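Listed here are the chains, written in short residue letters.
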Amino acid sequence: MVESTEEHVVVHIGLDDIDSPFNGCTTHFTYMFIKKYLLMNENIEFIDYPNLVRLNPSIPFKTRGNGAVALRIKVRKPYKDVLIKALTNSLTDYINAYDVKSKYSPGVAIVEGNIPVELSRIYMKALTDYVHIDYLRNLLNKVNNIELPLGISRGVIGALAAIGWPQDTDCTYELLAYRLIGNIGRERCIDWNSLREVDVKYKDYVFNNYDHVEDVPLVAPHGSDPVLLGIRGNDPEILVKYFNELNLCEAVDGWMIYRTNQGTDAHLVLRSIDDVRPYRTLCVETSVKSRPKVLRGAHVVIEIHSSPKTYAAFYADTSLTNVARDLNVDDEVIICGSVKQWSNNTNVLNVEKLYIKRKIIKEIHNPKCPKCGKRMKSLGRDKGFKCVRCGFKSKEITKDINISIISLNSLHVVKTSKMKHLSKPLSRYGRERKCSYLIPTSKWIEVYV
Ligand code: ATP
């Protein structure tokens, strides 16, 4: 852990909500700020890659992927105030230049020295639940080494949560390439064949950049944000090679690598079935209460054993519906996803992952004749059974019910193109590690313009 010294102070800068659906983006502002003020600046040293921290994907305020940023640097003491001034001035310029509308509430937070434990709590809450602004106010009353140069805003929730992303948790990397200002809004020019080939070449080190089953590229956002593409992977050096081998048919401003919590399932925390609430992300261990119901659009819904009443919804475009349709009452499952509330106030868990522990297979047959052993014929509801071979009849005899329990332990995830930024793809299982702040030793930013 890098600590403050007589000459230097460790500073964590959190940023969020510096965007609008049509213009700007928090990571783009970060790149522009680093490019202008922090690169080649002898007053500062990075003690970690810039962090791109994804938060609760079901929060309604998000513009796109609910991402916030943290920068962790060592600053020469006399320079700290100059740096904060430069940061707030750049932010004002960016907001004006990119027309970041007032509906959005940019948040900036600065923490000097050790990170208070309350920030890892706000991270967990912002990642897996809804954070009320009063929760933020309460936190700010308890902690005194937080500066908010722009004051309290909703964006501060994400900014503080990003700073609070704890060490010793799994992490991955993303290289984001930024468009030239004049190209923003135009169709992106990327040679998709080269992407497909490069992705196959580095498949053991990268994830969720190309859906090879559906033949769909996943690196480029849609619409007019300043990101040309983002390449996700487990190793920052491979990301640079991957990027350099792509055929891009448009010039870029530059690129930067972030350390991130993407692809780690950090949001899928195991909760008790009584803790299912709207906007929470979770996994619950439960069993199936009702037979699967297929809705219009081929979506599948089941009720799970819980109180209050909770449904699990499997959407047709996630590729989970086939397996959901085969679920039986009493099957033991772990279901993961985020909770929404339908208009009738019932909680619905939108399923991202389904783990079938045990399947209950019930076979029901007409009874065998106790006299001759032949299967009997039903005489109608409540009228008993008759043997067609020997003529034996009985009203008391009941159907044979055979229950077999199969330990399945099968895991089902949504298809690659439907995964959230935070979702852990199957290829990352077994590749988890404990990450800490990491001073970049190889190239992590390139500025062309
Ligand atoms: P982009 O991907 O372009 O950066 P975004 O999807 O990250 O956009 P933001 O514009 O950053 O969305 O908006 C998210 C807003 O929601 C921020 O103000 C953030 O502080 C706030 N927020 C994030 N998570 C939570 C949460 N769990 N509870 C309440 N507010 C949250």
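Quick caveat: nothing in here was measured; it's all calculated off a predicted structure.

### Side note on the sheet that holds strand β20 (residues 385–386)
Overall, antiparallel pairing links the three strands, which are arranged β19-β20-β21 in an open sheet. Taken across any chain shown, the strands that pair with only one partner, and hence form the sheet edges, are β19 (377–378) and β21 (393–394). Strand direction decides the pairing type here: β19 and β20, joined by two bridges, are antiparallel. Looking at β20, one finds that Ser-378 is bridged to Phe-385.

### Things to note about the packing of helix α4 (residues 133–142) against helix α5 (residues 155–164)
It is the contact of α4 with α5, at a shortest axis distance of 10 Å, that shows an interaxial angle of 55 degrees. Taken as axis vectors, α4 and α5 run oblique relative to one another. Note on packing geometry: the crossing formed by α4 with α5 is left-handed. Contact residues: Leu-136, Leu-139 and Leu-140 in α4; Val-156, Ile-157 and Leu-160 in α5. Here the residues of the contact of α4 with α5 are counted per class, giving six nonpolar, no polar and no charged.

### Concerning the site of the ligand
In the neighbourhood of the ligand, 22 residues make up the surrounding shell, with Asp-16, Asp-17, Asp-19, Arg-64 and Gly-67 lying closest. Here Arg-64 contributes a side-chain N or O atom positioned 2.4 Å from an oxygen atom of the ligand. Contact with the protein chains covers 98% of the free accessible surface of the ligand, which is 640 Å². At three residues, the largest contribution of residues to the shell around the ligand is made by α5.

### Remarks on the packing of helix α3 (residues 117–128) against α4
Close contact between α3 and α4 brings their axes to 11 Å; oriented N to C, the two are set at 170 degrees. Between α3 and α4, the angle is such that the two are roughly antiparallel. Judged by residue contacts, Glu-118, Leu-119, Arg-121, Ile-122 and Lys-125 of α3 engage Tyr-135, Leu-136, Leu-139 and Lys-142 from α4. Considering only residue class, the contact of α3 with α4 consists of five nonpolar, no polar and four charged.

### Details of the domain arrangement of the protein chain
A common way to report how large an interface is uses the accessible area buried once the components associate. When cut into domains, the protein chain gives domain 1 (8–166) and domain 2 (268–419). The C-alpha centroid of domain 2 is placed 45 Å from the C-alpha centroid of domain 1. Taken together, the contacts link ten residues of domain 1 with seven residues of domain 2. Together domain 1 and domain 2 conceal approximately 650 Å² of surface at their shared face, both sides included; 55% is due to carbon and sulfur atoms. A per-residue breakdown of the area domain 1 buries against domain 2 is headed by Ser-58, Thr-128 and Asp-129, which together make up 64% of the total. Taken together, domain 1 and domain 2 are joined by one salt bridge. For the salt bridge of Asp-129 with Arg-280, the shortest nitrogen-to-oxygen distance reads 3.2 Å. Joining domain 1 to domain 2, the criterion identifies four residue pairs in polar contact (both at pLDDT 80 or more). Along the lines of polarity and charge, the residues of the side of domain 1 that touches domain 2 split into six nonpolar, three polar and one charged.

### Considerations on the environment of Val-53
Checked against the element boundaries, Val-53 lands in strand β3 (residues 51–54). Placed 239 residues apart in sequence, Val-53 and Pro-292 show a C-alpha to C-alpha distance of 36 Å. Not counting chain neighbours up to four residues away, the residues in contact with Val-53 comprise Asn-66, Gly-67, Ala-68, Tyr-123, Ala-162, Trp-165 and Asn-261.

### A look at the side chain of Thr-26
With respect to the helices, strands and loops of the structure, Thr-26 is situated in helix α1 (residues 26–38). Setting aside residues no more than four positions away along its own chain, Thr-26 makes contact with Leu-15, Asp-16, Asp-17, Ile-18, Asp-19, Gly-67 and Val-69.

The rules behind each value
Residues numbered from 1 in each chain as written. Predicted model: local features only at pLDDT ≥ 70, side-chain atom pairs only at ≥ 80, totals over all residues. Heavy atoms only, no water. Pairing = 2+ DSSP bridges. Helix = DSSP H or I, 4+ residues; strand = E, 2+ residues; numbered from the N terminus. Axes fitted to C-alpha atoms, helices over the stretch in contact; angles between N-to-C directions. Parallel < 35°, antiparallel > 145°, perpendicular 65-115°, else oblique. Left-handed = near helix turned anticlockwise from the far one by under 90°. Contact = heavy atoms within 4.5 Å. Nonpolar A, V, L, I, M, F, W, Y, C, P; charged D, E, K, R; others polar. Near = heavy atom within 4 Å. Polar contact = N/O pair within 3.5 Å; in protein donor to acceptor, adjacent residues only side chain to side chain. Areas by Shrake-Rupley, 256 points an atom, 1.4 Å probe, with all protein chains shown as cover. Domains from an automatic or database assignment. Buried area = accessible area lost by both parts, 1.4 Å probe. Salt bridge = Lys/Arg side-chain N within 4 Å of Asp/Glu carboxyl O.

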